[in-house]
Amino acid sequence: MDDIVVGPLDLAARVDEALAVQALAFGLTPDEVTVRRHIVLRHLGSPGARAFGATTDTGRLVGFVYGMPNDRAHWWSGVVEPYLRATGTEAWLDDSFVITELHVHPDHQKRGIGRALITAITGTATEPRSILSAIDVESPARALYRSLGYRDLARQVVFPSAPSPYAVMGAPLPLLR
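A quick note: this is a predicted structure, and the numbers were derived from the prediction, not measured.

A.B. asks: Before we go on, may I ask you to explain the nonpolar core in this structure?
C.D. replies: Within soluble globular proteins, side chains that are nonpolar generally end up buried alongside one another. Judged by nonpolar contacts, the single largest core of 25 residues is most densely connected at Leu11, Trp76 and Val80. Where this core is concerned, the elements lending two or more residues are helix 1 (15-26), strand 3 (61-69), helix 3 (75-86), strand 6 (151-157) and strand 7 (166-172). For leucine 11, the contacting residues outside a window of four places in its chain are Ala18, Val40, Leu44, Ala51, Phe64 and Tyr66. Core analysis: the second largest hydrophobic core is formed by 24 residues, Ala54, Ile118, Ala125 and Leu132 among them.

Structure (structure tokens):
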């Protein structure tokens, strides 16, 4: 990570560059990128929304994270709430900072960039905890989240139009280092 700098990111100004990273990291089609672009820009209007980026010494964006204080009125909360209620963890929706997206370019993965991004953004949170959702398979992302203190709050969460079920995870802040 020597040649990578992590810091605040004007995601609205660099949304297309960020979505290109997400498309590679997450396998999105051009149509999915178009839909995600509108979602990201809408999210950035939410109170407390912020983003961090990982850039090379030439300024190329190779990773990003964004999130915001959770709002039960948001679509994501509405989808996950019944699953959390069923596991007795619904209170995690209150007073939490939600990690909305975290992606690192495949050529730059396994170098500590994802860890640096998520710890940087949660380090700015005033909420006592963080929540996120991740595809419900054992993956490097889930291992990273666990190493930072996230634990499963609900599994097999089905989002409309998502091809795979997700897990909702939560961690007290600050994250483990």
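Don't stop here, the text continues.
A.B. asks: Which parts of the structure should I look at to understand unusual backbone geometry?
C.D. replies: The step from leucine 173 to proline 174 runs through a cis peptide bond, and the omega angle for that step is 0°. Assignment of secondary structure puts proline 174 in the segment after strand 7. Even without being a glycine, aspartate 95 presents a positive backbone phi close to 55°. The phi angle at serine 161 is positive, at roughly 75°, despite the residue not being glycine. Here serine 161 lies in the loop between strand 6 and strand 7.

A.B. asks: Is there a simple way to explain the environment of phenylalanine 159 in this structure?
C.D. replies: On the secondary structure map, phenylalanine 159 appears in the loop between strand 6 and strand 7. What makes phenylalanine 159 buried here is its relative accessible area of 6%. Sequence spacing of phenylalanine 159 and arginine 42 is 117 residues, and the spatial spacing of their C-alpha atoms is 19 Å. Here phenylalanine 159 is in contact with Trp75, Trp76, Val79, Val80, Ser133 and Tyr166, once residues within four sequence places are set aside.

A.B. asks: What is the right way to look at the sheet that holds strand 4 (residues 96-104) in this model?
C.D. replies: The pairing of strands in a sheet comes from backbone hydrogen bonds and takes either a parallel or an antiparallel form. If you trace the seven strands from one edge of the open sheet to the other, you get 1-2-3-4-5-7-6, paired in mixed fashion. With partners counted over all chains shown, the strands left at the sheet margins are strand 1 (4-8) and strand 6, one partner each. In this sheet, adjacent strand axes meet at a mean angle of 20° when their direction is disregarded. Sheet strands in contact with helix 3 are strand 4, strand 5 (129-135), strand 6 and strand 7, and its direction is about 100° off that of strand 6.

A.B. asks: Could you clarify how one ought to interpret the packing of helix 1 against helix 2 (residues 30-43) in this entry?
C.D. replies: Relative orientation and spacing of two packed helices are given, respectively, by the angle between their axes and the distance between those axes. Axis separation between helix 1 and helix 2 bottoms out at 10 Å; the angle between their running directions is 130°. Viewed along their axes, helix 1 and helix 2 adopt a mutual orientation that is oblique. Like other packed secondary-structure pairs, helix 1 and helix 2 cross with a definite hand, here right-handed. Contacts between helix 1 and helix 2 pair Val15, Asp16, Leu19, Gln22, Ala23 and Phe26 from the former with Val33, Arg36, Arg37, Val40 and Leu41 from the latter.

Conventions and cut-offs
Residues numbered from 1 in each chain as written. Predicted model: local features only at pLDDT ≥ 70, side-chain atom pairs only at ≥ 80, totals over all residues. Heavy atoms only, no water. Core = buried A, V, L, I, M, F, W, Y, C linked by side-chain atoms within 4.5 Å. Buried < 20%, exposed > 50% of the residue type's maximum accessible area, 1.4 Å probe, protein only. Helix = DSSP H or I, 4+ residues; strand = E, 2+ residues; numbered from the N terminus. Contact = heavy atoms within 4.5 Å. Pairing = 2+ DSSP bridges. Axes fitted to C-alpha atoms, helices over the stretch in contact; angles between N-to-C directions. Parallel < 35°, antiparallel > 145°, perpendicular 65-115°, else oblique. Left-handed = near helix turned anticlockwise from the far one by under 90°.

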